[in-house]
Structures are given as structure tokens and as C-alpha cells.
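Observations on chain architecture
Each chain is listed here by its residues.
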Amino acid sequence: MGKSKKRIIYKGKNQQFDNITRSEAVETAVKLLKNNDKEVYAIITLFGLSAEELLEAGASFEAVKSLGNILK
């Protein structure tokens, strides 16, 4: 395998996320909540998001209430 292909594979495996801000993480979490995506758990726990932040960003009360066990 050539050097270029090794670099491309490494970049795909280990650099999946760009740097995102906390506000972008909240927006992403709200979008994932609306789509019932399970990836929302990872974002909430990674950033330590609170229920108040999600509600202010536009998440529904029912969706946030269902995540009560992982939210601060």
C-alpha cells in the first residue's frame, strides 16, 4: 500500500470530527433529537449538555424529558 493511501485511510479513521464549539454541539444535539438518532447520547455526554441548553435551542420538552437520566 502506498504512502498516499495510508494517509487517506488514517485520516478517515482518526480524524472523523472537526473541532466544534459548544453552541454547534447543542444545535447538532437538537437536530439529532428531532430525528430520534441514538448519536445524541454521545454528544450530550461528551459536552455535558444540560436540559436547559437543549430546551433553549428548540428541543421539545418530551424529547428532553426522555433523556432525563443522562442530562445534568
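Residues numbered from 1 in each chain as written. Predicted model: local features only at pLDDT ≥ 70, side-chain atom pairs only at ≥ 80, totals over all residues. Heavy atoms only, no water.

All right, on to the overall build of the chain then. In terms of regular secondary structure, the chain is built from five helices and zero strands. Each helix (α) and strand (β) of the chain, taken in turn from the N terminus, gives the series α-α-α-α-α. Across the 72 residues in the chain, those meeting the buried criterion constitute 25%. Residue pairs in contact within the chain that sit at least 24 positions apart in sequence constitute 47% of those at least 6 positions apart. Total accessible area computed for the chain in this model is approximately 5,700 Å², and 52% of it derives from carbon and sulfur atoms. (Helix = DSSP H or I, 4+ residues; strand = E, 2+ residues; numbered from the N terminus. Buried < 20%, exposed > 50% of the residue type's maximum accessible area, 1.4 Å probe, protein only. Contact = heavy atoms within 4.5 Å. Areas by Shrake-Rupley, 256 points an atom, 1.4 Å probe, with all protein chains shown as cover.)

For the rest of this paragraph, the subject is unusual backbone geometry. Trans is the common state for peptide bonds, and a negative phi is the common state for residues other than glycine. Backbone geometry places Asn 36, a non-glycine residue, at a positive phi of 55°. Mapping Asn 36 onto the fold places it in the loop between α2 (22-34) and α3 (40-47).

Within α3 the residues assigned to the buried category are Val 40, Ile 43 and Ile 44. Buried residues of α3, seen end-on, are gathered within an arc of 95° and therefore sit on one face of the element. Seen from the open side of α3, the exposed residues pointing more than 90 degrees away from its buried face are Thr 45 and Leu 46. Buried residues belonging to α3 abut α2 and α4 (51-56). Remark: Gly 48 follows α3 within two positions and exhibits a positive phi of approximately 65°. (Arc of directions from axis to C-beta.)

Taking 1.5 Å of rise per residue, the 13 residues of α2 would be expected to cover 18 Å, and the 19 Å separating its terminal C-alpha atoms lies within 8% of that figure. Of all the positions in α2, only Ala 25, Val 26, Ala 29, Val 30, Leu 32 and Leu 33 are classed as buried. Along α2, the residues classed as buried sweep out an arc of 165° about the axis, all on the same side. Exposed residues pointing more than 90 degrees away from the buried face of α2 are listed as Lys 31 and Lys 34. Buried residues in α2 make contact with α3, α4 and α5 (61-66). Just downstream of α2 lies Asn 36, where phi reads positive at about 55°. (Expected span 1.5 Å × (residues − 1).)

These values are about where atoms sit, not about what they do.
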